[in-house]
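A look at the structure
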Amino acid sequence: MTTATLRAVVSAHLVAIVGQPVFAGICLSGNYDGLRLHADGADVVTSLGHAQLIVAAVLWVRLRRAWPFLATPALAAAETVQYFAGMDGALWLHLPLGVMTIAGLVVQFIAVWRRPVTEKAEGTEVRHA
């Protein structure tokens, strides 16, 4: 498992989460199929968040780089809270938390693509791209 795996998961996660406001907007425009798309998208986003958590943990153990893992649990927790807030109809929490999770994931996406995970080998850094 390399930086490429983490980049792939974070990229897929970002694409999925950016679709969520679009699906919500479809519903708010009067097309109630958007609510089903938004609910299905929530399942995908939450699953990708947990997959990202697993990949980041493996990279932490394998490459001894903690920063991808330390940033991911807060995002996964926020997505989980947001998921249940949406299911419960608590829009006062669901909407602002959605904005914050998208912003957090964009920051992670930029970090993963700008700062590849590396491992140290006998005093030198070996890059995994």
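Everything that follows concerns the structure shown earlier in this document.
Remember, predicted model here, so these are calculated numbers, not experimental data.

**Details of the layout of surface pockets**
Here the largest pocket defines a volume of roughly 630 Å³. Every residue lining the largest pocket is counted, 26 residues in all, and those nearest its centre are Gln20, Ala24, His38, Gln82 and His94. Breaking the lining of the largest pocket down by element, the ones donating at least two residues are helix H1 (3-28), helix H2 (33-63), helix H3 (67-88) and helix H4 (91-114). Grouping the constituent residues of the lining of the largest pocket by class yields 15 nonpolar, nine polar and two charged.

**What about the packing of aromatic side chains?**
Tallying each qualifying case throughout the model produces three aromatic pairs. Taking 4.9 Å as the distance between ring centres and 25 degrees as the angle between the ring planes, the aromatic pair formed by Trp60 and Phe69 counts as stacked. The exposure class of Trp60 is partly exposed, given its relative accessible area of 36%. Pairing Tyr83 with Phe84 gives two aromatic rings, centres 5.4 Å apart and planes at 80 degrees, and the pair type is edge-to-face. Residue classification places Tyr83 among the partly exposed positions, given a relative accessible area of 22%. On the basis of relative accessible area, Phe84 is assigned to the exposed category, the value being 53%.

Cut-offs and rules
- Residues numbered from 1 in each chain as written.
- Predicted model: local features only at pLDDT ≥ 70, side-chain atom pairs only at ≥ 80, totals over all residues.
- Heavy atoms only, no water.
- 1 Å grid on protein atoms, 1.4 Å probe; cavity = no way out; pocket = protein on both sides within 12 Å on 5 of 7 lines; lining within 4 Å.
- Points joined across faces, edges and corners; volume = space filled by probe spheres on them.
- Helix = DSSP H or I, 4+ residues; strand = E, 2+ residues; numbered from the N terminus.
- Nonpolar A, V, L, I, M, F, W, Y, C, P; charged D, E, K, R; others polar.
- Phe/Tyr/Trp six-rings, centres within 6.5 Å; stacked < 30°, edge-to-face > 60°.
- Buried < 20%, exposed > 50% of the residue type's maximum accessible area, 1.4 Å probe, protein only.

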